[in-house]
Amino acid sequence: MEAKLLIDKVKDYTNLFVLQSGPVSYNITAATEICDYATSQGLDIIVFLSWFDPEHSWRYPWIQEAAQKYGDKFLGIYYYDEPGGTQIDYDWTNHFITWSNNIKESDANNDPFYQKLLESSEGYLNGTIRDYNTAAQIYANYIRNDHDLSLLKNSSIQLFVSDYALYWWDYLGEYDVVFAQLGWNNSATQEIDLIKGAAHLQNKDWGVIATWKYHNAPYLGNGTEIYNQLLLSYQAGAKYLIIFDYPSIEENPYGVLTDEHFEALQNLWEDINNPAITRLTTVEAVLVLPQNYGWGMRHVNDRIWLWNADENSPQIWDISQKLITQYGINLDIVYDDPQFLITEKYNKIYYWNQTLINFK
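It should be emphasised that the depicted structure is a prediction, and the values quoted were computed from it without experimental measurement.

Across the sheet, which stays open at both edges, the 7 strands sit in the order β1-β2-β3-β4-β5-β6-β7 with parallel pairing between neighbours. Two strands in the sheet have a free side with no partner beyond their single neighbour: β1 (16–19) and β7 (240–243). Going across the sheet, the axis of each strand differs from the next one's by a mean of 25°, ignoring polarity. Two strands pair when backbone bridges link them, and strand β2 (residues 44–48) and strand β3 (residues 74–78) are joined in this way by 4 bridges, in the parallel orientation. Across the sheet, Ile-46 pairs through a bridge with Gly-76, a residue of β3. Across the sheet, helix α2 (residues 28–40) touches β1 and β2, and the angle it forms with β1 is around 175°.

Below you can see the structure in the form of structure tokens.
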């Protein structure tokens, strides 16, 4: 089995195995066998089992049993995937066009409730509705009120997810740990500052997952790039460092991982166990963005929730890039939110709409 081969390959220089496989999530025998083997080799495990499909009713009882069976080595459940990225990149225009047409063509067209939905849909399409506060509330509540997620929370199962946008609201949706995805040629430092800021201010743990750089083979960056991304994340305070090993490449039993990636992991393991490698305990400064400004931040014209960039995007982009250049991982990026007192955690505070004087 490929999972066992991979575990045997890395068990001497890692301590975590994330089982994130669609096919395995439908196979109780395979899931159990892999988790048994990983834990027997001294690795902690995080398990993805998708949603609790009634046709696979074994999942929730299996999780409860796993928590007892594996003890401290069972860290929790990787539940769903990329909710923030899905929100930002979804085809909302086509969604609302279809929605509007369906309402207009149905008997519900005269119903006051559906008429209100139709007005909202058309307001999005013609640009007259842009409500970040409501979008943020709907997003966080959608996660928070998910039946299966609530079931896991009530059972004290730790919840993990990876994402590439909206980390702040993933935490507000009550995920315990979010892995920021490092890849696609995005700025690793910016992603670290965003996830670190969200976790720091909301008192959560965080991690990173090195993911694809390319859409085709070899998919991942080279060993040096992966090493640098993960070491930088470790120095910034990440609790979890993960590599996304998918898909399988022909004649490679280890998925997309090659010798240079294994060498990078081994070097990383040795280096982070070296006392000379220091980690951040506090940050120098924080950048505060507008409340509920759910911007993808991959580029200046990125989406905000389900809308295009607005008139504030260029100013926010400009100050964020300047401060990231100045402070690197010594910067947190957070959002103005009355639930969290920024002045209690940071001494040097920058706001998105201020002018930087004598910037160097």
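Glancing now at the pairing of β7. Direction of pairing for strand β6 (residues 205–210) relative to β7: parallel, over a ladder of 4 bridges. Within β7, the position partnered with Ile-209 by the bridge is Ile-242. Note on the crossover from β6 through helix α11 (residues 223–236) to β7: the handedness is right-handed.

Spatially, β9-β8-β10 is the arrangement adopted by the 3 strands of the open sheet, whose pairing is parallel. Looking at the sheet topology across the chains shown, the edges are occupied by β9 (331–335) and β10 (348–351). The mean angle between the axes of side-by-side strands here comes to 25°, regardless of whether they run parallel or antiparallel. Here 5 bridges tie strand β8 (residues 285–289) to β9, and the two strands are oriented parallel to one another. Across the sheet, residue Leu-289 finds its bridge partner in β9, namely Tyr-335.

Here we come to the layout of surface pockets. Empty space within the largest pocket amounts to approximately 1,400 Å³. For the largest pocket, the lining is made up of 48 residues, of which Leu-6, Phe-17, Val-18, Ile-243 and Asp-245 are closest to its centre. Of all the secondary structure elements, the ones that give two or more residues to the lining of the largest pocket are α1 (2–10), β1, α2, β2, β3, α11, β7 and α12 (259–272). Looking at side-chain class alone, the lining of the largest pocket contains 35 nonpolar, 8 polar and 5 charged residues. Taken as a whole, the second largest pocket holds about 930 Å³ of empty space. Along its surface, the second largest pocket is lined by 32 residues, and Gln-87, Trp-92, Ile-138, Tyr-139 and Tyr-142 are the ones closest to its centre. Taken together, the elements giving at least two residues each to the lining of the second largest pocket come down to α4 (83–89), α5 (92–105), α6 (112–126) and α7 (132–144). When residues of the lining of the second largest pocket are assigned to their parent elements, the largest contribution, 6 residues, is made by α7. Across the lining of the second largest pocket, the residue classes tally to 20 nonpolar, 6 polar and 6 charged.

Within the secondary structure, Asn-252 is located in the loop between β7 and α12. Looking at Asn-252, the relative accessible area reads 16%, which means it is buried. Polar side-chain contacts of Asn-252 include one of 2.9 Å to the backbone nitrogen of Tyr-254.

Further remarks concern empty space enclosed by the protein. The probe, sized like a water molecule, is rolled over the atoms to show the empty space still left. The tally for this structure, following the rule as stated, stands at 1 cavity of 30 Å³ or more. Considering only enclosed or pocket space, the largest cavity measures out at about 90 Å³ in volume. The wall of the largest cavity is formed by 13 residues, among which Ala-165, Leu-166, Tyr-167, Leu-194 and Tyr-335 lie closest to the centre. Among the elements of the structure, α9 (167–172), α10 (188–202) and β9 are those that each provide at least two residues to the lining of the largest cavity.

Attention shifts here to the environment of Thr-224. Note that Thr-224 resides in helix α11. Residue classification places Thr-224 among the exposed positions, given a relative accessible area of 53%. Considering only alpha carbons, one finds Thr-224 and Ala-264, 40 residues apart in sequence, at a separation of 6.6 Å.

Counting across every chain of the model gives 14 salt bridges. A salt bridge links Lys-322 to Asp-318; the nearest nitrogen and oxygen atoms lie 3.3 Å apart. With a gap of 4 residues between them, Lys-322 and Asp-318 both fall in helix α13 (residues 313–327), about one helical turn apart. Take Lys-322: its relative accessible area is 34%, and that puts it in the partly exposed class. What emerges from the salt-bridge pattern is a single network uniting Asp-89, Arg-298 and Asp-302.

Rules used throughout
Residues numbered from 1 in each chain as written. Predicted model: local features only at pLDDT ≥ 70, side-chain atom pairs only at ≥ 80, totals over all residues. Heavy atoms only, no water. Pairing = 2+ DSSP bridges. Helix = DSSP H or I, 4+ residues; strand = E, 2+ residues; numbered from the N terminus. Axes fitted to C-alpha atoms, helices over the stretch in contact; angles between N-to-C directions. Contact = heavy atoms within 4.5 Å. Right-handed = clockwise from strand over helix to strand, strands pointing away. 1 Å grid on protein atoms, 1.4 Å probe; cavity = no way out; pocket = protein on both sides within 12 Å on 5 of 7 lines; lining within 4 Å. Points joined across faces, edges and corners; volume = space filled by probe spheres on them. Nonpolar A, V, L, I, M, F, W, Y, C, P; charged D, E, K, R; others polar. Buried < 20%, exposed > 50% of the residue type's maximum accessible area, 1.4 Å probe, protein only. Polar contact = N/O pair within 3.5 Å; in protein donor to acceptor, adjacent residues only side chain to side chain. Salt bridge = Lys/Arg side-chain N within 4 Å of Asp/Glu carboxyl O.

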